[in-house]
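Commentary on secondary and tertiary structure
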Amino acid sequence: MKKIIALLLVMALACAALTGCSGSGKTADDIKKAGKLVIATSPDFPPFEELQSDGSVVGIEIDILNMICDELGVELEIQQMDFESVLPGVQAGKYDLGVSGITANEERKKNALFTDPYCLAAQAIVVTESGSIKSKADLAGKAVAVQTGTTAESFCMAEGYKVNSYAANSDAELSLVNGKVDAWVIDDLTAAEMVASYNESHDDKLVILSEAMTTEPYGFATKLGNDDLINEINKILKKLLDDGTIASVFEKFEAPYTKP
Ligand code: ARG
């Protein structure tokens, strides 16, 4: 008898250590009991999440999250931070879900659990119309602005560019405008939004080079082990994808939609 108990104990410990299946993961029921889903976001990423002058956050992902919360019957609580703090906070279990135009790549999947992707994006190069960069090839050895902790940053480092990283996307844009760098690399849909709004009020126009450089599936992230929660959110997402709701949210924000 003692031996069996000891064996069970060893098995349980090994299981918890190896896979995190100790039952400590957050479930959809935990969220329902709490009555709210707490998300971490960097609201400098239109049209996905953007801070309004009244302090509220709006965007495609906020609409999707509101729908998910309606399905779960809970409130949405939005915690704002720089992008580089989103995934570490989620991994530490400080927030239920990271919602920040996050590219679900293999590297990140080692440290966080992702929902199924709901859209595809790509990295884009933004330059000044008057500048000398006309194509990706011109960027070799040049200085590039990116947002800290993003896939743009890792992409540009791998390409061997001189990388200037900024906590806020708007500062990366500013460094291009002020001539501190030769280009700004950022996800394509956000590039389109930010460039359009910059060009509305400036003469020295910004342009996006039409070279899609990567494929970036966006998903929402949670702490490893929160499988029940992610499965529940995946079910809701699948329904919203299949019935065209996600596509219509992109339409509402006048953004082109690429289904994964
Ligand atoms: N998709 C890119 C990444 O995952 C950029 C995301 C930036 N998001 C933001 N809300 N500023 O690294």
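Above this text you will find the structure in question.
**Overview of the side chain of Thr41**
Relative to the assigned elements, Thr41 resides in strand S1 (residues 36–41). Separated by 2.6 Å, the side chain of Thr41 and the backbone oxygen of Val99 make a polar contact. Sequence-distant contacts of Thr41, defined by excluding residues within four places in its chain, comprise Glu49, Ile78, Gln79, Gln80, Met81, Val86, Val99 and Ser100.

**Points about the layout of surface pockets**
A volume near 210 Å³ is recorded for the largest pocket. As for the largest pocket, its lining consists of Pro43, Asp44, Pro46, Glu50, Leu51, Ser170, Glu173, Glu193, Met194, Ala196, Ser197 and Glu200. Taken together, the elements giving at least two residues each to the lining of the largest pocket come down to strand S3 (49–51), helix H7 (169–177) and helix H8 (188–200). Each residue belonging to the lining of the largest pocket can be placed in one class, and the counts come to five nonpolar, two polar and five charged. What the second largest pocket holds in volume is close to 160 Å³. Around the second largest pocket, the lining comprises 11 residues; the ones closest to its centre are Ser24, Gly25, Lys223, Leu224 and Asn226.

**A look at the sheet that holds S3**
Spatially, three strands are ordered S2-S3-S4 in an open sheet, and the strand pairing comes out antiparallel. Across the chains shown, the open sheet's two edge strands, defined by having one partner strand only, are strand S2 (44–45) and strand S4 (57–58). The pairing of S3 with S4 spans two bridges and is antiparallel. Residue pairing in the sheet places Glu50 in a bridge with Val58 of S4.

**Points about the packing of helix H3 (residues 60–72) against helix H10 (residues 245–252)**
Two elements in contact, H3 and H10, have axes whose closest approach is 9 Å; the angle formed by their N-to-C orientations is 145°. Read as a crossing pair, H3 and H10 show a hand that is right-handed. Note on element contacts: H10 touches H3 through Thr245, Ile246, Val249, Phe250 and Lys252, opposite Ile60, Asp63, Ile64 and Met67. The class makeup of the residues in the contact of H3 with H10 is six nonpolar, one polar and two charged.

**Section: empty space enclosed by the protein**
Scanning the model with the defined rule gives one cavity of 30 Å³ or more in all. Put simply, the largest cavity is a space of about 110 Å³. Mapped onto the lining of the largest cavity, the elements with two or more residues apiece are helix H6 (151–159) and strand S12 (183–187). It is S12 that contributes the most residues to the lining of the largest cavity, three residues altogether. Classifying every residue of the lining of the largest cavity gives six nonpolar, seven polar and two charged.

**Describing the site of the ligand**
Not every one of the 16 residues close to the ligand is listed here, only the nearest: Ser100, Gly101, Arg108, Thr151 and Asp187. Glu49 places a side-chain nitrogen or oxygen 3.5 Å from a nitrogen atom of the ligand. A distance of 2.8 Å separates an oxygen atom of the ligand from a polar backbone atom of Thr103. Contact with the protein chains covers 99% of the free accessible surface of the ligand, which is 350 Å². Broken down by class, the residue content of the shell around the ligand amounts to four nonpolar, eight polar and four charged.

**Here we look at the packing of aromatic side chains**
Counted according to the given criterion, the structure contains seven aromatic pairs. On the basis of an interplanar angle of 50° and a centroid distance of 6.4 Å, the ring pair of Tyr118 and Phe250 is categorised as tilted. A residue pair is termed long-range when its members are at least 10 positions apart, and Tyr118 in the loop between strand S7 (113–114) and strand S8 (119–121) and Phe250 in helix H10 qualify at 132 residues. Relative accessible area serves as the criterion here: at 0%, Tyr118 is assigned to the buried category. Aromatic side chains Phe250 and Tyr257 sit 4.5 Å apart centroid to centroid with 45° between the ring planes, which places their arrangement in the tilted category. For Tyr257, a relative accessible area of 24% gives the class partly exposed.

Calculation criteria
Residues numbered from 1 in each chain as written. Predicted model: local features only at pLDDT ≥ 70, side-chain atom pairs only at ≥ 80, totals over all residues. Heavy atoms only, no water. Helix = DSSP H or I, 4+ residues; strand = E, 2+ residues; numbered from the N terminus. Polar contact = N/O pair within 3.5 Å; in protein donor to acceptor, adjacent residues only side chain to side chain. Contact = heavy atoms within 4.5 Å. 1 Å grid on protein atoms, 1.4 Å probe; cavity = no way out; pocket = protein on both sides within 12 Å on 5 of 7 lines; lining within 4 Å. Points joined across faces, edges and corners; volume = space filled by probe spheres on them. Nonpolar A, V, L, I, M, F, W, Y, C, P; charged D, E, K, R; others polar. Pairing = 2+ DSSP bridges. Axes fitted to C-alpha atoms, helices over the stretch in contact; angles between N-to-C directions. Left-handed = near helix turned anticlockwise from the far one by under 90°. Near = heavy atom within 4 Å. Areas by Shrake-Rupley, 256 points an atom, 1.4 Å probe, with all protein chains shown as cover. Phe/Tyr/Trp six-rings, centres within 6.5 Å; stacked < 30°, edge-to-face > 60°. Buried < 20%, exposed > 50% of the residue type's maximum accessible area, 1.4 Å probe, protein only.

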